[in-house]
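Commentary on secondary and tertiary structure
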Amino acid sequence: MYEVRFHGRGGQGAVTAARLLADAAFREGKEVQSFPIFGVERRGAPVAAFTRIDDKPIDIKTQIYEPDVVIALDSTLIGVIDVADGLKDNGKIVINSKKKPADFKFGDTRVYTLDATEIATKHGLGTKTNPIINTAILGAYAKVIGNIGMAAIEQSIENNVPIKKEENKNAAREAYQVMEA
Amino acid sequence: MYEVRFHGRGGQGAVTAARLLADAAFREGKEVQSFPIFGVERRGAPVAAFTRIDDKPIDIKTQIYEPDVVIALDSTLIGVIDVADGLKDNGKIVINSKKKPADFKFGDTRVYTLDATEIATKHGLGTKTNPIINTAILGAYAKVIGNIGMAAIEQSIENNVPIKKEENKNAAREAYQVMEA
Amino acid sequence: MKITIGAINDKPGSSKNYKTGSWRTLKPVINLEKCKKCWLCKQLCPEGCITKKEEGPQINYDYCKGCGICAHECTFDAIIMELEER
Amino acid sequence: MKITIGAINDKPGSSKNYKTGSWRTLKPVINLEKCKKCWLCKQLCPEGCITKKEEGPQINYDYCKGCGICAHECTFDAIIMELEER
Amino acid sequence: MTKMTIMGNMATALGAKLCRPHVIPAYPITPSTLFPEKISEFIANGEMDGEMIRVESEHSAMSAAIGASATGARVCTASASQGIALMHEMLFIASGMRLPIVMAVGNRALSAPINIWCDHQDTISERDVGWLQFYAEKNQEGLDLMILAFKICEDKRVLLPGMVGIDAFVLTHTVEGVDVPDQKLVDDFLPPYKPEKYLDARTPITFGSFGTPEFYQEFKYAQVKAMEESEKVIDEAFREYKKVFGRTYQKITPYRCEDADMVILTLGSMSGTARAAVDILREEGKKAGCIKMTVYRPFPGKELIDVSKNAKVIAVLDRDITPGLGGALYADVAAQFVNRTAHPVILNYILGLGGRDIVINDFKEIYDKSHQALEKGIQNPVEWINLNKEIL
Amino acid sequence: MTKMTIMGNMATALGAKLCRPHVIPAYPITPSTLFPEKISEFIANGEMDGEMIRVESEHSAMSAAIGASATGARVCTASASQGIALMHEMLFIASGMRLPIVMAVGNRALSAPINIWCDHQDTISERDVGWLQFYAEKNQEGLDLMILAFKICEDKRVLLPGMVGIDAFVLTHTVEGVDVPDQKLVDDFLPPYKPEKYLDARTPITFGSFGTPEFYQEFKYAQVKAMEESEKVIDEAFREYKKVFGRTYQKITPYRCEDADMVILTLGSMSGTARAAVDILREEGKKAGCIKMTVYRPFPGKELIDVSKNAKVIAVLDRDITPGLGGALYADVAAQFVNRTAHPVILNYILGLGGRDIVINDFKEIYDKSHQALEKGIQNPVEWINLNKEIL
Amino acid sequence: MTEEKELFACGHRACAGCSEPIAVRMILEEAGPNTIGTICTGCLEVVSTGWPETAWEIPLIHAAFENSASVASGVEVALRQLGRDDTHVIAFAGDGGTFDIGLQALSGMLERGHKILYVCLDNEAYMNTGIQRCSSTPLGTSTTTSPAGTYSIGEDRQKKPIGAICAAHCIPYTATATIAYPQDLKKKVRKALAVNGPSFLHVLVPCPTGWRFSSEETVELARLAVETGIFVLWELEGGNLQNIKVTKKPKTWRPVEDYLKQQGRYKHLFKPKKRQDVIEKIQQDVDQKLIELGITKET
Amino acid sequence: MTEEKELFACGHRACAGCSEPIAVRMILEEAGPNTIGTICTGCLEVVSTGWPETAWEIPLIHAAFENSASVASGVEVALRQLGRDDTHVIAFAGDGGTFDIGLQALSGMLERGHKILYVCLDNEAYMNTGIQRCSSTPLGTSTTTSPAGTYSIGEDRQKKPIGAICAAHCIPYTATATIAYPQDLKKKVRKALAVNGPSFLHVLVPCPTGWRFSSEETVELARLAVETGIFVLWELEGGNLQNIKVTKKPKTWRPVEDYLKQQGRYKHLFKPKKRQDVIEKIQQDVDQKLIELGITKET
Ligand SMILES: Cc1ncc(C[n+]2csc(CCOP(=O)(O)OP(=O)(O)O)c2C)c(N)n1
Ligand SMILES: Cc1ncc(C[n+]2csc(CCOP(=O)(O)OP(=O)(O)O)c2C)c(N)n1
Ligand code: SF4
Ligand code: SF4
Ligand code: SF4
Ligand code: SF4
Ligand code: SF4
Ligand code: SF4
Ligand SMILES: [Mg+2]
Ligand SMILES: [Mg+2]
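In this numbering scheme, every chain counts its residues from 1 along its sequence in written order. Labels are handed out in written order, letters beginning with A for the chains and numbers beginning with 1 for the ligands. Local features in a predicted model are, by the rule used here, given only for residues with pLDDT of at least 70; side-chain atom pairs are given and counted only at 80 or more, and totals for whole chains, interfaces and linings are based on all residues. Working from all heavy atoms in the structure, the side-chain values ignore hydrogens and water.

**Description of a positive patch on the surface**
In this analysis, a patch consists of residues with relative accessible area above 30% that form no salt bridge, clustered at 9 Å for like charges and at 5 Å for the nonpolar side chains Val, Leu, Ile, Met, Phe, Trp and Tyr. Throughout, the Shrake-Rupley method with a 1.4 Å probe supplies accessible areas, and for residues the shown protein chains are the sole cover considered. Any Lys or Arg side-chain nitrogen located within 4 Å of an Asp or Glu carboxyl oxygen qualifies as a salt bridge. In this tally Asp and Glu are treated as negative and Lys and Arg as positive; neither His nor the chain ends contributes. The atoms used to mark charge sites are NZ of Lys, CZ of Arg, CG of Asp and CD of Glu. A contiguous patch of positive charge, built from Lys164(A), Arg212(H), Lys267(H) and Lys271(H), is present on the exposed surface. Numbering of helices and strands runs from the N terminus, with a helix taken as a DSSP run of H or I at least four residues long and a strand as a DSSP run of E at least two residues long. Inspection of the secondary structure assignment puts Lys271(H) in the loop between helix H10 (256–260) and helix H11 (276–292).

Okay, here's the thing in structure tokens:
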């Protein structure tokens, strides 16, 4: 079983990212679960969302306490909350940031960064202060985690994103390309 | 245990009569219960009310099915309903009527009649079409049944009847006097 | 008689089985000679027990509770209330 | 911390323990020179995090969510919103 | 002390009056209506302080009760049946907020079909709401239990609301002789309600918080513990009541149970009839006993086990029904005995729904049926008594 | 059949849509709101006939549902928590009138304190109202059970309303892969609702009669019998569903129970975690099993006795609490076993209230505690799991 | 002479002289048999639906006390969905079920625009439970929960202006009526059933038992209520109260005392001591209301 | 310079730019600390009372969603009984808790005459549960339960005239207000608290999340609502709507389009195709309302 946690702010699309990832995995024949943090957070507040992926039916319905990957859609959250909380020993962190992985201090944990904001705005997805980066980040996921293929992610976008389907796919593709695995 | 059933029409005072009788018995140191028929009868409809009297605490809370006495406040009810229903073999029936006991056919059952309407209206209790006869009938009860004294009945009237206390007591007294035991 | 599913009552107007005439202490009696067939009494009877007949209103005493409205409202004093004899 | 009887909260204003400043992406900055001390910003701030000071309004960034109302409403353009640096 | 002949509703109203409630939000419903009527009369005639709130529904009655109680007032109300059902949501909230509101109930059946007569479904179906529940056998108990309910519910160790049930008509509208205690004695027994925390501008607190998963279960636990704590508070209060007023109360009151092979467990007004039936059965040589349950929540499990230890059967009488299971009381009793190595057979009888009278014969039938079950084995642990099969 | 990844609310909404309800009176409440939202969307986009009634409260939602169902329409609604509590009165009335309304529930805790997260108190506390109750473990079950509920409830032998519970957030807001059946198959499985009697000017009938003591008990009895009758209708429907749609449903589903010495009885989404825990316990050499209860009303007593016959302990997990007694499911289970000569020890664990997560460790603790109880005797049959003692 | 079928049958158990059946019969006569009715718990229901009997000859549903309007909403939508929407839907409710416990359901029904005629049968108290005060109970009325007493003149609040409240919802048709004016009442029913949306009809139904008068005076009291201005007959299309049309103006308006003194519920205003102050207050309120309705009184 | 104590503290969790806290703060500033508040379930409660924190510096009680008014009734009577009735009682409620599920409790509170200021914080939908339609939702608004779609223009019913409905109860004081006019709002709070009986204050509180606009525009939208006549600021003493006093009249009334086009909830009226018909209908309704209020528009 593979467990992913997304961090973002209410309204930034962490929940959608988690759903899209689950849907993509499902399209690859995997069993999936995806859920937001169960709370009453308002727009702007830090939120989290989760995805579980497995080859066999997923029985457990507990929260995710020890994710395999953490994805931070908003680097300003780092410091505000402990994004690495509970991360497995060999876990990975993907951060939307202009900075280099080395600029982040998470001990031994493997950190990846991507300027998803740049990519998103370039493809006309949201504004600088309010970029829609969930699709770009999934491209990065596909590259660095590698357990879901880009085809499935694109299909998931096609089927679930209501507007700007092409732009979103392009953002994901670009992220996939620029990302170093 | 002595069980009494009163018959009347909604609004005629059967319930009050049953209560007054219970209160009188209580004043004589008896244990009592009194209750109306448990229904939704409207003014004018036939109703019934009950009194239980005993020397020891009354445990049972059932309806009264086999009364020792039946009192009909309104003779026109006879024929409409079976006033003698369940009456004990040696039971008695007291009827408010101008007629003679012999005019009523209740087999072997001992029947008493009293023109309570006459007495009540004479004492200024209600009108001919709407007489308040419950106190007069209690006078009759005291005489023919005899297990409650007039003093207690008068005291019960004094304590429970909101207006025309004296008139009511007088009606009861007159009924007691004219009644043949 | 058997109970119905959900206590439905599928006998419309079955209240007629219950004769409310027994409630009556006063009885309305119509004087057809005075009656002008204005049908006000029928209209205002709470029991709906006055029916239109050729000769004038007819009271169904099975149901008349003797409220006296018909007599009270009849503009032509064509109804009087009498003490019920039983 | 212990729970209370009936979940009563007897610490009025204890919400202050939660710093909503972390929600901010844009940050209001006051230009005191332009400010006319009309206190409109204080009045309209949803967070109640602007206080009156001798020198003009002061924003408590621990709570400011960066909504931008103060800047938008200031008639004298004395507040501008800047991208938050963290 | 005054002796009077009064109806059950008057008894609970007088009980309430003696407790000097500040606020009485109430809404009329048969068979409880006489309660607010009497309170209105007391106030209109200057016999009582306190204010009625003539609310527009029972939901508002309980809401106003909550508001008033949280403000530090002693609060009392009355309802029944549909009225209680309409309060359902607010009953949970009153207990969750730990407000010692006391409600007089005239136990009545629930719709549909609509029925105004006695059964216990209305309060039994509120057995989860976290209120203490008391059931009276007679009017005297109705009065006394109102006073006791305030005493117990307001105890610092409890702080939970409570309801006192008197059976529709069989008590509410039945006149019995009742001893009405002196105000002075009640004042001593029940001191003014002085909560530690209440709505007061001098010390602002927030009532009705949002309880996240981090804390919710612990809040519930504390509430459940308070209910358990009330067990001993009830015993204390009953003892003190006896001392002051001379009348004995017990959570459950056994009658001729010591040597009984069958005990009948009852709630409310049927308990008296049960005793009478037991006497008759005894005369017939049948070793019957019965147990009146006065306190239903908290459930007096220990006491029940104790008094029924010699019995072969407990016949649990439910004047309520849980479709798809059986009687509610039955399941509650089962939970007390299920893990005991030796225990009586527990049988369940559904009876008296919607005002069906409960008569001596019913108890005889129950005795016989139970005996048969003992001898021939249990066919069906849940049986209906006095069912008119002809119309089914 | 379409495979999609959807949330639990969407699953129940799609299940409802496939049943072609005519009238959907609904009121928003977390965590069920997505249900009316989705229905609104389906209708706004012409994907669905039927009409929403955007009522002003849940009491009116159920009232409108009753009106519409009595008129002969197929009716569906959704609610949770306070919303269900506010319907309480009308839930009894819907079942008393024998109207096969189906309600999708997002199981959520009850105030106070207010809490929007999962527990089962809202529907468990409606266990007396005469509705069938189904609990889903996952979204697929949520969808299927909606269709099944209509099928079962509308059966002439049943004619009772039913509710389908999916756990707040854990299912309502969790995306899972779900097979959505073809409309054609559902249409065949579930023919149009054709009641024999309904409000129609051509054949006037009266609904909602006044039921006097002469008849009330018999009306209730008939209703209770219909609930019992539903046991076999449920089995039939489950069998047919399997045939048509290929998925298996059982009132209770045992997992590794044959040789288990301890079986854990669960309701709702915790059932999956229980299976995972059982596997882990088995690996540790502990003979654990678990039973998922899908149908809670009517209570599947016979089935439960059967599957647990080899167990030494049944650990009954209650995501609800009856203050002053214990878990509701516990008492229900106790009622099944109490009169059996040899039966497992029945232990009760209260857990997961107000969204407290139920995790593998909890099951381990339950196993250990139960074992201890077996060995050292039962200290307290009702224990709380995962309680934060530090804040008490 | 053909006899129309009565849609509310004999044998119901209302008190002798009750006006609720009179009103129901008049309304159903106008609406005709193609009508589904909903009712609240209350006198009307209790006296007419005791199983195995029913007085109703139209399809009828009673569910609870507070929800005639929402049950009717369900019926109306179902009829539309099932293609039977030529059937009228009439929701009956008492004043308790309208002014108090049923107000919200009513407001929702009005706001949602269901095509339903809502009829409030107003006898100014909770009669079925034994004459308790309701927000429909007029100032100075003695009821069992607003008893006249040493410290009380009876009800101390004004009657809730239910008509104005309903009209404020901007519904197509609102009106008042009473049994003493059958033609007026029926005409209003006709109009109400003709509009495409909700309508509200407020019918005063004197109750001999609760108002404490002799049963034959029922219609007379309804008439007196109108002639004294206590209960003004009006109708209104839409939500602008300025457009109210008074449909019945007596030639001379009688003093309210004529109305009050006939009823036991106002006895305390006359005995033991005449409470001129209260009577005058009631008169003033009526006068004020008439002025607001633009009626100049010539007495 | 002395700093007044804020009675609604920082740290609450409302969305950035939410106007509910703005309104609450203004109201409490006027009412002062000697005030007990009651609230409904809804955004305000959820963002301010999460245990162990509370944003409230006055005593506050939240019980359920539908009963702010009845809880407040209990508080008010208790204060009187306990001799503490110098304390103000303010019942806060959302539009859902007022127009819909709380209407009956409110009506009861008004009718009984409690001395309570009832404040409806109207953001025109159920926001706490995620933007569902309420009877406060204006015509043409897209919400999650009145979604714009192929067969839908969004909400198809008019906003329930809650002010008129409350005023129809003949209460001493009814008014509307919004956060863009703090002085007007505070003055109305002052007046409301001064009357001896119930008062109703209807406050428009724009919601960036539910109306879909950028958080800094909150106050601007409140202002636009007034300047377009969508939300008229008025006050009224007593129940006669003819006495309404409009307290804010812009020099020129702006077209409603200016207001609509700034909000995502009306996007479908502009894109993909401009729905001139709907916009015009909304404009006409506003014009009509202004005429009824006796306002002659000079545009
Ligand atoms: C929820 C609920 N509360 C209370 C009652 C009790 N109840 C039934 S009818 C009634 C009074 C009815 O008054 P109204 O609506 O004025 O009708 P009326 O009997 O006067 O015609 C009351 C209080 C009930 N049935 N349901
Ligand atoms: C009886 C009941 N039904 C439904 C809910 C769910 N609920 C809580 S808040 C809310 C919406 C609140 O809307 P509103 O009153 O307008 O306040 P807002 O959140 O918009 O400020 C709803 C539907 C509830 N808590 N209780
Ligand atoms: S009211 Fe008089 S005149 Fe008219 S029909 Fe009746 S009896 Fe005849
Ligand atoms: S007396 Fe009354 S019930 Fe009898 S016919 Fe006349 S109006 Fe009808
Ligand atoms: S609004 Fe502008 S001018 Fe006024 S106090 Fe604030 S910053 Fe200064
Ligand atoms: S940006 Fe918003 S929260 Fe921050 S100070 Fe300005 S108004 Fe207050
Ligand atoms: S109490 Fe009044 S309303 Fe009820 S039936 Fe009797 S007369 Fe009619
Ligand atoms: S959803 Fe709207 S009302 Fe609720 S907190 Fe956010 S902005 Fe405020
Ligand atoms: Mg009435
Ligand atoms: Mg809102």
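**Notes on the sheet that holds strand E3 (residues 88–94) of chain H**
Two strands qualify as a pair provided DSSP detects at least 2 bridges between them. Strands sit in the order E9(E)-E2(H)-E1(H)-E3(H)-E4(H)-E8(H)-E7(H)-E9(H)-E10(H) across an open sheet of nine strands; the sheet is mixed. The strands lining the two open edges of the sheet, one partner per strand, are strand E9 (206–207) of chain E together with strand E10 (245–246) of chain H. Pairing analysis gives five bridges linking E3(H) to strand E4 (residues 117–122) of chain H, with the strands arranged parallel. Bridge assignment links Gly94(H) to a residue of E4(H), and that residue is Leu121(H). Contacts are assigned to residue pairs with any non-hydrogen atoms lying within 4.5 Å of each other. Think of each axis as a best-fit line through the C-alpha atoms, taken over the contacting stretch in the case of a helix, with angles from 0 to 180 degrees between the N-to-C directions. Along the sheet, helix H3 (residues 68–81) of chain H makes contact with strand E1 (35–39), strand E2 (60–62), E3 and E4 of chain H, crossing E3(H) at roughly 175°.

**Observations concerning the arrangement of the chains**
Here 20 pairs of chains make contact, and the pair sharing the most contacts is chains E and F. For chain A and chain G, which are not in contact, the least C-alpha distance works out to 29 Å.

**Overview of the coordination of the magnesium ion (ligand 10)**
Ideal geometry at a metal gives 109.5 degrees between four tetrahedral donors and either 90 or 180 degrees between six octahedral ones. Residues and elements named next belong to chain H. Only nitrogen, oxygen and sulfur atoms qualify as donors, provided they sit within 2.8 Å of the metal or within 3.2 Å for Na, K and Ca; with water excluded from the atoms, sites may seem incomplete. Taken together, Asp-95 (OD), Asn-123 (OD1) and Ala-125 (O) make up the protein donors of the magnesium ion (ligand 10), found 2.0 to 2.1 Å from the metal. One chain supplies every donor to the magnesium ion (ligand 10), and in sequence these donors are spaced D-x27-N-x1-A. In this pair, Asp-95 is assigned in the loop between E3 and helix H4 (96–100) and Ala-125 in the loop between E4 and strand E5 (148–149), connecting sequence segments 30 residues apart. For the pair formed by Asp-95 and Ala-125, the shared burial category is buried. Burial status follows relative accessibility: with a 1.4 Å probe on protein chains alone, a residue under 20% of its type maximum counts as buried, one over 50% as exposed, and anything between as partly exposed.

**Description of the sheet that holds strand E13 (residues 295–297) of chain E**
All names here are of chain E. Pairing is mixed in the open sheet, where five strands are placed in the order E4-E5-E7-E6-E13. The sheet terminates laterally at strand E4 (76–79) and E13, the two strands that pair on one side only. Adjacent strand axes in the sheet meet at a mean angle of 25° when their direction is disregarded. Bridging between strand E6 (residues 132–135) and strand E7 (residues 162–167) involves four bridges; their strand directions are parallel. Bridge pairing links Phe-134 to Val-164 in E7. This element, helix H8 (residues 216–245), spans E6 and E13 of the sheet and lies at about 40° to E6.

**Brief notes about the site of ligand 3**
Summary of the distance rule: residues count as near a molecule or strand when at least one heavy atom falls within 4 Å of that molecule or strand. Taken together, Cys35(C), Lys36(C), Lys37(C), Cys38(C), Trp39(C), Leu40(C), Cys41(C), Pro57(C), Cys74(C), Phe76(C), Ala78(C) and Ile79(C) make up the full set of residues adjacent to ligand 3. Three categories are distinguished: nonpolar for Ala, Val, Leu, Ile, Met, Phe, Trp, Tyr, Cys and Pro, charged for Asp, Glu, Lys and Arg, and polar for the others, with Gly belonging to the last. For the shell around ligand 3, the per-class residue count stands at ten nonpolar, no polar and two charged.

**Comments concerning the confidence of the model for chain E**
On a range of 0 to 100, pLDDT expresses the predictor's confidence in each residue. Overall, the prediction assigns chain E a mean pLDDT of 97, with 100% of residues at 70 or greater. Scored as a complex, the prediction yields pTM 0.98 and ipTM 0.98.

**Notes on the pattern of salt bridges**
As enumerated under the stated definition, the model contains 148 salt bridges over all chains in all. One salt bridge in this structure joins Glu47(D) and Lys65(D), with 3.0 Å as the shortest N-O distance. Linking Glu47(D) in the loop between helix H1 (40–44) and strand E2 (50–53) with Lys65(D) in the loop between strand E3 (56–59) and helix H2 (69–73), this pair joins segments that are 18 residues apart in sequence. Neither Glu47(D) nor Lys65(D) differs from the other in exposure class; each is buried. Residue Asp167(E) pairs with Arg319(E) through a salt bridge whose shortest N-O separation is 3.9 Å.

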